[in-house]
Amino acid sequence: MKLGIVGLPNVGKSTLFNALTNAGAQSANYPFCTIEPNVGVVAVPDSRLDVLAKMYNPELYTPAVIEFVDIAGLVKGASRGEGLGNKFLSHIREVDAIVHVVRCFENNDIIHVDGSIDPLRDLETINLELIFSDMEILERRIDNVKKAMKGDKTLAPKLDLYERVMKVLESGKSARSLDYSEEEQAWISEVALLTIKPVIYAANISENDLGNLEANEFLARVTEFARSEKSEVIPVCAEIEAEIAELEGEDKEMFLSDLGISESGLDRLIKASYSLLGLISYLTAGPKEVRAWTITKGTKAPGAAGKIHSDFERGFIRAEIVSFDDLVACGSMNVAKEKGLVRSEGKEYVINDGDIVLFRFNV
């Protein structure tokens, strides 16, 4: 699962990416610093693993991970090829969801590609380029369906959907602003639209705003816009997050405490991105390894077992499950079993986020 980090040049994308991954992507005060996308694999923060690690003292500690792709800054006209735009749009097409970084701070030392700070204008610039690209693709699809309808009238509902989406795009709104039935979701997924991808807006704020978010008018405008299209906003200070990313343990806790925050903006962004992709984690725990396994929400037990090994799914017998809270309250798996809190579940059981699981199988 990949998330693409997008935004105009010089809004803090690469700084944020560096903080996320410590990958050292080039970051400079001029447009098109990033041309080929940088890719980084990021651990998903999960305090439950820390608790289990203290309980089991395992040899290995393995968190869930997601992949972030730092895509070069888009500019007005990207859908027509401006600023190597076609290449950048193709990179966005390859990701599952988008983290859209928007600048919400003033700083005369950092050049803005349009010469002034206006987050709504910046959002519109990016979104319109994605919309224009989608309109071009959807127009071709509508023409193809019309031709096919001459021999297959059952395609009428699909054509109706595509034309409805086109009207929304023509009004300047994204395809994700519409509600879709399950069948319509399948049809629209065939078109690979950019504006159907789920989005989180990462509002890049200044250090001075960290303790007083309400005072940032730019952030308020972005939040209102995001609400209108059912998206989420995570305020981050990319420069501070880069500093936090260099710290560990007590040093990190002290730094956060001095800033008056309990959790870094990046931790919140990573968790929100994981959730945006429809992902959850189930856990396995023992002296050899404490681990979070990534599955799609709604996955049944055999499918979850297959994440560990295909043999687990093929020879699935049952899953022994205890909730994280029950295990912690009992202090050990043996006590949880004595209290009847460890359940035996079959093939139809849907795994919940935070389930601690032991799979029984035979091949």
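Not measured: the values here are computed from a predicted model.

Student: Explain the confidence of the model for the protein chain to me, using residue names and the numbers behind them.
Tutor: Overall, the prediction assigns the protein chain a mean pLDDT of 86, with 89% of residues at 70 or greater. In this model residues 23-35 is a low-confidence stretch, pLDDT under 50, and it forms 36 contacts with partners more than four residues away in sequence or in other chains.

Student: Lay out the pairing of strand S4 (residues 65-70) with the relevant residues and their values.
Tutor: Successive residues of a regular strand alternate their side chains across the two faces of the sheet. Sheet analysis places strand S1 (residues 2-6) next to S4, joined by four bridges and oriented parallel. In the sheet register, Leu3 faces S4, and the bridge partner there is Phe68.

Student: Please provide a residue-by-residue account of the pairing of strand S9 (residues 289-296), values included.
Tutor: Alignment of strand S3 (residues 60-62) against S9, held across three bridges, turns out to be parallel. What sits directly across from Leu60, in S9, is Glu289. In the sheet, strand S8 (residues 279-284) pairs with S9 via six bridges, with the strands oriented antiparallel. For Ile280, the partnering residue across the bridge sits in S9 and is Ile295. Between the antiparallel neighbours S8 and S9 lie four residues.

Student: Give a description of the side chain of Arg48 that names residues and reports values.
Tutor: Examined against the element boundaries, Arg48 turns out to sit in helix H2 (residues 47-56). At 2.9 Å, the side chain of Arg48 forms a polar contact with the side chain of Asp46. Within polar-contact distance, the side chain of Arg48 engages the side chain of Asp353 at 3.1 Å. Setting aside its immediate chain neighbours within four residues, Arg48 contacts Ser281, Leu283, Phe324, Asp353 and Gly354.

Student: Got a sec to walk through unusual backbone geometry? Specific residues and values, please.
Tutor: Not every positive phi belongs to a glycine, and Asn57 is a case in point at roughly 50 degrees. One non-glycine residue with positive phi stands out, namely Lys230, at about 60 degrees. Along the chain, Lys230 falls in the loop between helix H7 (217-228) and strand S7 (232-236).

Student: Residues and numbers for the environment of Asp355, please.
Tutor: Within the fold, Asp355 resides in strand S12 (residues 355-361). The class of Asp355 is buried, set by a relative accessible area of 5%. C-alpha of Asp355 to C-alpha of Ser323: the two residues are 32 residues apart in sequence and 4.9 Å apart in space. Only 2.8 Å separates the side chain of Asp355 from the side chain of Tyr349, close enough to count as a polar contact. Polar contacts involving the side chain of Asp355 include one to the main-chain amide nitrogen of Asn352, which spans 2.9 Å.

Student: Any details on the packing of helix H4 (residues 119-149) against helix H5 (residues 156-170)? Residues and values, ideally.
Tutor: Interhelical geometry of H4 versus H5 gives an angle of 155 degrees and a closest axis separation of 10 Å. If you check the angle between H4 and H5, you find them roughly antiparallel. In this structure, the crossing between H4 and H5 has a hand that is left-handed. The residues of H5 that touch H4, namely those facing Ile131, Asp134, Met135, Leu138, Glu139, Arg141, Ile142, Val145, Lys146 and Met149, are Ala156, Lys158, Leu159, Tyr162, Glu163, Val165, Met166, Leu169 and Glu170. For the contact of H4 with H5, the per-class residue count stands at twelve nonpolar, no polar and seven charged.

Student: Explain H5 to me, using residue names and the numbers behind them.
Tutor: Since there are 3.6 residues in each turn of an α-helix, residues three or four apart along the chain are aligned in direction. Here H5 is 15 residues long and its end C-alpha atoms lie 21 Å apart, about the 21 Å a rise of 1.5 Å per residue gives. Restricting attention to buried positions, one finds in H5 the residues Lys158, Leu159, Leu161, Tyr162, Val165, Met166, Val168 and Leu169. Where H5 is buried, its residues meet H4 and helix H6 (182-189). Positive backbone phi, at 90 degrees, marks Gly172, one or two positions downstream of H5.

Criteria and thresholds
- Residues numbered from 1 in each chain as written.
- Predicted model: local features only at pLDDT ≥ 70, side-chain atom pairs only at ≥ 80, totals over all residues.
- Heavy atoms only, no water.
- pLDDT = per-residue confidence, 0-100.
- Contact = heavy atoms within 4.5 Å.
- Pairing = 2+ DSSP bridges.
- Helix = DSSP H or I, 4+ residues; strand = E, 2+ residues; numbered from the N terminus.
- Polar contact = N/O pair within 3.5 Å; in protein donor to acceptor, adjacent residues only side chain to side chain.
- Buried < 20%, exposed > 50% of the residue type's maximum accessible area, 1.4 Å probe, protein only.
- Axes fitted to C-alpha atoms, helices over the stretch in contact; angles between N-to-C directions.
- Parallel < 35°, antiparallel > 145°, perpendicular 65-115°, else oblique.
- Left-handed = near helix turned anticlockwise from the far one by under 90°.
- Nonpolar A, V, L, I, M, F, W, Y, C, P; charged D, E, K, R; others polar.
- Expected span 1.5 Å × (residues − 1).

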